[in-house]
There are 2 protein chains.
Amino acid sequence: MTTTEKPKYVYDFSEGKKELKNLLGGKGANLGEMTNLGLNIPPGFTLTTEACLIYFKSPKKLMAEIEPMVLDHLKHLEELTKKKFGDKKNPLLVSVRSGAPQSMPGMMDTVLNLGLTDESVLGMAEQVKNPRFAYDSYRRFIQMFGDVVMGIGDEKFERILDKYKRKISRTAQDTDLTVADLQNVIADYKALYEKEISSSFPQDPFKQLFLSIEAVFKSWNNKRAITYRKISNIPNFGTAVNIQAMVFGNKGDNSGTGVAFTRDPSNGDNIKFGEYLTNAQGEDVVAGIRTPKKLDEMDKEFPEIYKELKNTMLKLENHYRDMQDIEFTIEDGKLFILQTRNGKRTPSAAVKIAVDMVKEGLIDKEKAIMSIDPDKISKLLFKSIDEGAIVHVLAKGINASPGAVSGIAIFDSDRAEELANSGEEEIILVRPQTKPEDVHGLYASSGVLTQFGGKTSHAAVVARGMGKPAVVGAQDIEIDEENKEFRIAGTVIEEGDYITIDGTTGRVIEGKVPLVEPEIKGEFLELLEIADEIRTMGVRANADTPIDSNKAIEFGAEGIGLCRTEHMFMAQERLPVVQKMIMAQTKEDRQDALNKILPMQKGDFLEIFKIMEGKPVTIRLLDPPLHEFLPELSTVLLERQELQMTNSLSKTLLEISPLDEELKKKNKVIRLIRSLSEENPMMGLRGCRLGIVWPEINEMQVRAIFQAACELKLKGVNVIPEVMIPLIGMISELQFVKAQLLEIVEETIKEYGVELDYKFGTMIEIPRAALTADEIAMEAEFFSFGTNDLTQMTFGFSRDDAEGKFIPVYLNKEILERNPFEFLDQDGVGKLMKIAIELGRKTRPDLKLGICGEHGGEPSSIKFAHSIGLDYVSCSPFRIPVARIAAAQAEIEHKKK
Amino acid sequence: MTTTEKPKYVYDFSEGKKELKNLLGGKGANLGEMTNLGLNIPPGFTLTTEACLIYFKSPKKLMAEIEPMVLDHLKHLEELTKKKFGDKKNPLLVSVRSGAPQSMPGMMDTVLNLGLTDESVLGMAEQVKNPRFAYDSYRRFIQMFGDVVMGIGDEKFERILDKYKRKISRTAQDTDLTVADLQNVIADYKALYEKEISSSFPQDPFKQLFLSIEAVFKSWNNKRAITYRKISNIPNFGTAVNIQAMVFGNKGDNSGTGVAFTRDPSNGDNIKFGEYLTNAQGEDVVAGIRTPKKLDEMDKEFPEIYKELKNTMLKLENHYRDMQDIEFTIEDGKLFILQTRNGKRTPSAAVKIAVDMVKEGLIDKEKAIMSIDPDKISKLLFKSIDEGAIVHVLAKGINASPGAVSGIAIFDSDRAEELANSGEEEIILVRPQTKPEDVHGLYASSGVLTQFGGKTSHAAVVARGMGKPAVVGAQDIEIDEENKEFRIAGTVIEEGDYITIDGTTGRVIEGKVPLVEPEIKGEFLELLEIADEIRTMGVRANADTPIDSNKAIEFGAEGIGLCRTEHMFMAQERLPVVQKMIMAQTKEDRQDALNKILPMQKGDFLEIFKIMEGKPVTIRLLDPPLHEFLPELSTVLLERQELQMTNSLSKTLLEISPLDEELKKKNKVIRLIRSLSEENPMMGLRGCRLGIVWPEINEMQVRAIFQAACELKLKGVNVIPEVMIPLIGMISELQFVKAQLLEIVEETIKEYGVELDYKFGTMIEIPRAALTADEIAMEAEFFSFGTNDLTQMTFGFSRDDAEGKFIPVYLNKEILERNPFEFLDQDGVGKLMKIAIELGRKTRPDLKLGICGEHGGEPSSIKFAHSIGLDYVSCSPFRIPVARIAAAQAEIEHKKK
């Protein structure tokens, strides 16, 4: 390679544009874009993500290569700012900030005020006539450099700072420190640095700069960044490094720094929204150290600047056609924009903003739909606290991420993760404030409560991103981390005690309280209607009860894709009859019990059919192994042994045997459970196999379905039943069961003298069914992919065992990227589905195809379902809005191809 | 259709030839062939199998259509025999016999002496000057017609016959009956007939004929014929009907009837072999009613005819180039041949005959191999009774089918079937004699013992066909069917008592006795060598121990295809160490236990490698879930409860608590078993998943394998280890495990400083592995199809549960044709294998492919394995000869295509 071909690793901001996001990172690209828009951007330049990736291959070589390029751009920066890097009189200070192609807030490192030394701090103090500001900047720089670049724990610096603040008063802020205080702090900081690093704090600004650049590169692969990427599915792009002339929000009361959103990120309202701090640097707002002021207070404090800021915000939103999250700094009454990016928002804000922007003509419907993360939409169906409930409100904090949730209070992220891994599902993480190190704890929890910080604090941003309820800045609670408890007005909440947080209102409540399910209305409804206009794939619900069916209709289901009849067997008052049926010794006894169950099942179907009037209802015949309806063997064995011992004792002492009868009964139950127990019930006598061995159960169910259907039909209700036979692996099974049941169907319809449209179909959940789908389709009018079981059989994973025993290990060791029970495995299970579809449609071109596993409600799986040509997905009622949007996105993406 | 186009439903024997077997049945075609060979065949004609199949569609129409054809041929028969059908003076009598394209001995119906009436019997008596013969024939005809055509139970006729025999003496034979006796018998027979049928015995011979033809047609679909076809995999061809002029073996002492084999069907010796009865009709020999004479006794009794018969036998064998089973009748000193067919033979006879015929130049090697039923070859490895064992011989019978076997005595075929279905594997069916109705009982048993009958009796023929040991005609035992026992010299054997039969020597022995495994030598060895010359597919053994390995070598294995390492864990002295390893609380404790297991495993491998010197040994790493090595949870729970109750009792009474320590131990074990227990262990933490979660076990195993291999290599022993990783479903699993183990392998080899060829490969037993075989093949140097698990996962069948709970029902209802765990499911599992092979070889053209499920020893599965291009099959040592022959047949069949 000749020198002329050397890759371009450094871009001046003026060379940047938003299309170069992958190369320059989001921050760098947008700084370029804004520079070219003519906004007031401190000048600077960007080291590319490409440089970062090469750094990880050969760090020394890369650093040597970029050095002359950086120095060259630095020279240009000196010219623009008329300052000189490392100058004793008028030093140029810079910030060094990471900036990845996708936003990873707080995940990577930043160094501010770089370029200060013992000498230049004097010059700067002199130059700006503000020694306090200069020393404050210097102590901040030493602290950040020490922490970020050299790895000295930030808390060690904070302890020194605290010591000096306490000398003033118990409640002193860092702004209360005098120049003398700050000089002491700096001396102590430098001593700490020397002690920790065994060399003194570097006084060469070039050394400071290159060490910082390396630190930012390295931060791409620190643990929290890797975790965040994994959770957020962000590829290994590398980070860019932005080196920018500093502007100072901490120059005094005519300075400040803040964050502004062009719309309210928590509800999407079209109002400017944000927070700022006077006399502070950017990190202070985000870190939640001081509680900031609301953006509209600027109208009084900085009216001109506020006006300018609002205009800039409007300009940026119109330019990017999306809600913007902007960082700004005011230096001596002059506004600088340091960053803009598409703002993170709550799901409800996302919906409102999308719909509003369509109405405002800013974006079209397709863009509106594509702007929504369908998975987070499910969070929109937020629960709220039952208004009628009597609750004990402990405290009120800031409503940072909506929704109410109850859970046990846990005071430490590691502990939260540990509990979640062991199956605990209701955890509220309670922290003074969260830091990037807490991401795994937030991920493991159902909600977060912090003592400090505002709506743009770390906890708030991350919780909103994850769609989890958050209450932040609940300053009245006193957290005692050591004893794992918090106190408020005489109440002590210990680790493991239940609390409820309401992220919609900011309330913190003692104990578990009744929660109310959400409704769909307003912009959410409008958005779903837009999705329905676009999508071509149907959306049905998995619903077993009239309650589910009502929810399904409410959330927009176009039918029931899976009605599991066994749930009807499990009802408390029915179970004894079901057990009697199973225990029956003769065909007559069994028939007797079944005759009692028939009207119950029929009653269910009557209600469900009525609710689903005019829409297809797919009913799956009994699927689980019968022993699921019986008590545990070991329980009964222990009961018998106790009986036996009591018995033998009674006989010895009392010479009577009063329990012999009971013992006989127990023996009978034991024999039955034994005869039904299986080594691998998942692959045993269940599904259609049950119907072949014990046909009476299927017959009763079909009778119940068609009696209900015919009765309603007579009353003019349009009923469309679809009978689904589970666990088919061979055409011969389907032929046998179908022939058996068809007779009853025809007989019932004839009896009522009605006309009824119905279908017979099958689940495709056994690999063999997929492999022989051409045969199966000869008898089946529809296929419904039961992807839960199909995943189990294709992987040879028993879900119950795998998720407890080895899937976590697999995820951890990256043997699995994602849990295949949550995200459809497109390479394996998906291949089998494609084979089934191809073969099935060859036999029967109008074969109706759907999916009714849990994957039917998961966006990436829904898009896959669309891509392989399914007619519909079926999912739990609460996932239906997700499915409607994901289906619309699938169609949009499909059309683009 | 015009009359000229009417199908030809009837063929004169002179029109027949052996190539028309499918149309005329085996018997009809061979009668034609023999007629044209110029042998002395009573004339006759054949109704085609086509007519039979059409009969089942429209019986009346078919009967009307064939009537004129039959009458036409009958007229021709009258001309040839110079007798007249239904004539009072010189009546033509005929036999009506079934004859299917494939031999189904005794399965279908036959009527002899048809044409006799009250009047014609007088004429016949007069004409042949032998009234006893005439009346004997008439009573036989009434009996057969009544039984076969009209369905009156044969035992009712026998009861009448017995009554008259007893009047003469307790031991009288039917030949002792006088004309007067026979006239009485006939009168009683006719009365019985009238009582049962409500009409008198038909005196119109045409009516007799057409009713009999219909009866034979119908017999194709009687229950025992259907069962036989199912067991023998015979398609629904239909049966032909042969109508043939009668010749009479019961005409007096210059007459007789017999069965002759051109070679000995029990051992294949090239000597004429057979049995005959003087003054008897054909059915008498087969039915085993009188004990027949040996064929060579004819040399004295009928020397001329014997010579003629021997010439005919030679002629027929040379003509058919196969051992012939010939039925003949001597009428008044004249020899008639009534049937010839390829004779059924024991597997050892089949082998000897095939090899001999190759040597004699009668057939080529390929024909020799194709003449063998490979599945029955396994029976050749007959067990014999340990010569050193002291045995109590109860009785001696005829050695009708070789091999020794022990089992419980069962006196009834239904009961035998019932027990076999419930899992009993050791059953000896004990019957006075067997009839076609007993086929299901014979099928369910391991051997058969009869009181009556000779080597050509039903029990003998069927047992030989099935390759099961049989002792027949053990006349000294007295069977009491009612009380389900037999007595012999003071010993009573009741139902369920163990006996041993030795079909090689004819001994019946009390109890279970030690049996000795067979060897391969003589013609068997020669045949296997012929197979090896022909076959292209390799044959390996599944062998886990040095004993297995020795057997494998003895039986001709070319390597080990599956060495299951867990069997080494199960040894009694090792299990406690293995349990310790599993129960270990720390990594150190586990390593400690593993360090103890390592030398044990290494010792096994040293021995196995030595035995298999120069041949590849595929070792599968630990596969089963760990709880298989621990006690049952419910057992330990009950033990704990007992402890607790004793404890609380002791505390109350003695105020001591001596068992607290034990209780703690139990609690620990319970916790462990609970933590390891799984809902569906088949799909749980096992196979490579174990190695990923607990890598230390795999590491120990690989260390043991390679230490053993290297040590032997140093000593100059050529060792070829192939490490097989089980239960792979994803390439990422294989990468992870392989990387982990490769390190140990390389380290070990380096330590010993040897050169060692080794391979890493995987089982293909998870559907997902087959579906993504292109990826898997990137890391695997070989695939071994684990068709047991692959069948489980593809069908979603847990073998343990399915075979007990619903596969019998499936087979019974014909939802499954064959058990997919015995016969590879080519449509489903086979399709998955084809996908895997195609994908795997695309990535790695030299990928080595084998099969190591039980199917590797089943002939139809072996042929399938050949057809899809596998390099080898691996099966249990005892199935290796089967596999060698099946592989040769596969190659021959392949070349023909």
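Above this note sits the structure.
Reading the values: the criteria
- Residues numbered from 1 in each chain as written.
- Chains lettered and ligands numbered in written order.
- Predicted model: local features only at pLDDT ≥ 70, side-chain atom pairs only at ≥ 80, totals over all residues.
- Heavy atoms only, no water.
- Contact = heavy atoms within 4.5 Å.
- Buried area = accessible area lost by both parts, 1.4 Å probe.
- Salt bridge = Lys/Arg side-chain N within 4 Å of Asp/Glu carboxyl O.
- Polar contact = N/O pair within 3.5 Å; in protein donor to acceptor, adjacent residues only side chain to side chain.
- Nonpolar A, V, L, I, M, F, W, Y, C, P; charged D, E, K, R; others polar.
- Least-squares fit on C-alpha atoms with pLDDT ≥ 70 in both.
- Phe/Tyr/Trp six-rings, centres within 6.5 Å; stacked < 30°, edge-to-face > 60°.
- Helix = DSSP H or I, 4+ residues; strand = E, 2+ residues; numbered from the N terminus.
- Buried < 20%, exposed > 50% of the residue type's maximum accessible area, 1.4 Å probe, protein only.
- Lys NZ or Arg CZ within 6 Å of the ring centre and 35° of its normal.
- Axes fitted to C-alpha atoms, helices over the stretch in contact; angles between N-to-C directions.
- Parallel < 35°, antiparallel > 145°, perpendicular 65-115°, else oblique.
- Left-handed = near helix turned anticlockwise from the far one by under 90°.
- Pairing = 2+ DSSP bridges.
- Expected span 1.5 Å × (residues − 1).
- Arc of directions from axis to C-beta.

### Description of the interface of chain A and chain B
At the junction of the two partners, chain A supplies 55 residues and chain B supplies 55 residues. In total, chain A and chain B occlude about 5,000 Å² of area from one another, counting both sides; carbon and sulfur atoms represent 63% of this. In this structure, D825 of chain B and R768 of chain A form a salt bridge, with 2.7 Å as the shortest nitrogen-oxygen distance. Joining chain A to chain B, the criterion identifies 32 residue pairs in polar contact (both at pLDDT 80 or more). Within the side of chain A that touches chain B, the residues separate by chemical class into 27 nonpolar, 13 polar and 15 charged.

### Examining the relation of the copies chain A and chain B
The transform that puts chain A on chain B rotates by 180 degrees and translates by 0.1 Å along the axis, for an RMSD of 0.2 Å. One copy is carried onto the other by what is essentially a two-fold rotation axis. Among all residues of chain A, the one whose C-alpha sits closest to the rotation axis is N680 of chain A, at a distance of 2.2 Å. When the interface residues of chain A are mapped onto chain B, 100% of them again lie at the interface, so the same face is used by both copies.

### Concerning the packing of aromatic side chains
In the structure shown here, the tally under the stated rule is 44 aromatic pairs over all chains. Relative to F302 of chain A, the ring of Y276 of chain A lies with its centre 6.4 Å away and its plane at 70 degrees, an arrangement referred to as edge-to-face. With Y276 of chain A in strand β7 (residues 273-278) and F302 of chain A in the loop between α11 (298-301) and α12 (303-320), this residue pair connects regions lying 26 residues apart in the sequence. Here the two residues Y276 of chain A and F302 of chain A agree in accessibility, since each one is buried. Clustering of aromatic rings is evident, with ring pairs tying together Y138, F141, F145, Y193 and F201 of chain A. For the cation-ring pair, R590 of chain A lies above W694 of chain A, with the distance from its terminal atom to the ring centre recorded as 3.9 Å. In this arrangement the basic side chain of R229 of chain B is found over the ring face of W220 of chain B, its NZ or CZ atom lying 3.9 Å from the centre.

### So, the packing of helix α19 (residues 522-534) of chain B against helix α36 (residues 880-896) of chain B
Any two packed helices are characterised by the angle at which their axes cross and by the distance between the axes. All names here are of chain B. Contact geometry for α19 and α36: axes closest at 8 Å, N-to-C directions at 40 degrees. Here α36 runs oblique to α19, going by the angle between their axes. Crossing of α19 against α36: the hand is left-handed. Residues F524, L527, L528, E529, A531, D532 and I534 of α19 form the contact with α36, whose participating residues are P881, R884, I885, A888, E891 and I892. Among the residues forming the contact of α19 with α36, the class breakdown is 9 nonpolar, no polar and 4 charged.

### Let's talk about the pairing of strand β26 (residues 616-620) of chain A
Regular strands show a simple pattern: their side chains alternate between the two faces of the sheet. Residue and element names in this part refer to chain A. Of all the 5 residues making up β26, 5 are buried; the element is thus mostly covered by neighbouring parts of the structure. Of the pairings in the sheet, the one linking strand β25 (residues 560-564) to β26 comprises 3 bridges and is parallel in character. Across the sheet, residue R564 finds its bridge partner in β26, namely R620. Where β26 lies against strand β27 (residues 720-725), 5 bridges are found, and the strand directions are parallel. Within β27, the residue paired with I619 across the bridge is V723.

### Digging into the pattern of salt bridges
Residue and element names in this part refer to chain A. Here the structure, examined in full by the defined rule, presents 111 salt bridges over all chains. K88 is the salt-bridge partner of E119, the closest N and O atoms lying 3.7 Å from each other. Highlighted residues: E119 in helix α4 (residues 118-128) and K88 in the loop between α3 (59-81) and β3 (94-99), separated in sequence by 31 residues. Among the salt bridges present, the one from D502 reaches R507, with a minimum N-O distance of 3.1 Å. Given the relative accessible area of 22%, R507 is considered partly exposed.

### With respect to helix α8 (residues 205-219) of chain B
Residues lying three or four places apart along an α-helix face the same way, a consequence of the helix completing one turn every 3.6 residues. When the terminal C-alpha atoms of α8 of chain B are compared, their 21 Å separation across 15 residues agrees well with the 21 Å that a helix rising 1.5 Å per residue should span. Measuring from the side-chain oxygen of the N-cap residue of α8 of chain B to the backbone nitrogen of F206 of chain B gives 2.8 Å; that N-cap residue is D204 of chain B.

### Points about the environment of F736 of chain A
Locating F736 of chain A in the fold gives a position in helix α28 (residues 731-752). The spatial distance from the C-alpha of F736 of chain A to the C-alpha of I764 of chain A is 17 Å, given a sequence separation of 28 residues. In this view, F736 of chain A contacts I692 of chain A together with K813 and I815 of chain B; residues no more than four positions away in its chain are not counted.

### Overview of the side chain of R345 of chain A
Residues and elements named next belong to chain A. Along the chain, R345 turns up in the loop between β10 (334-342) and α13 (347-359). Judged by its relative accessible area of 17%, R345 is buried. A distance of 2.9 Å separates the side chain of R345 from the side chain of D322, its partner in a polar contact. Only 2.8 Å separates the side chain of R345 from the backbone oxygen of G343, close enough to count as a polar contact. Every residue in contact with R345, bar those within four places of it in the chain, is listed here: P265, D322, M323, A350, I353 and R464.

### Thoughts on the sheet that holds strand β18 (residues 478-480) of chain A
All names here are of chain A. Pairing is antiparallel in the open sheet, where 3 strands are placed in the order β18-β19-β20. Each of the sheet's edge strands pairs with one partner strand only, and the pair in question is β18 and β20 (491-494). With direction set aside, neighbouring strand axes in the sheet form an average angle of 20 degrees. Note: β18 against strand β19 (residues 485-488), 3 bridges, orientation antiparallel. Considered in β19, the bridge of I479 is made with F486.

### Here we look at helix α9 (residues 223-232) of chain A
Residue and element names in this part refer to chain A. All buried positions along α9 are accounted for by A225, Y228 and R229. For α9, the angular spread of buried residues about the axis comes to 100 degrees, placing them on one side. Among the structural elements, α8 (205-219) are those in contact with the buried residues of α9. One or two steps after α9, the chain reaches N233, where phi turns positive at roughly 55 degrees.

The analysis is restricted to geometry; functional conclusions fall outside its scope.
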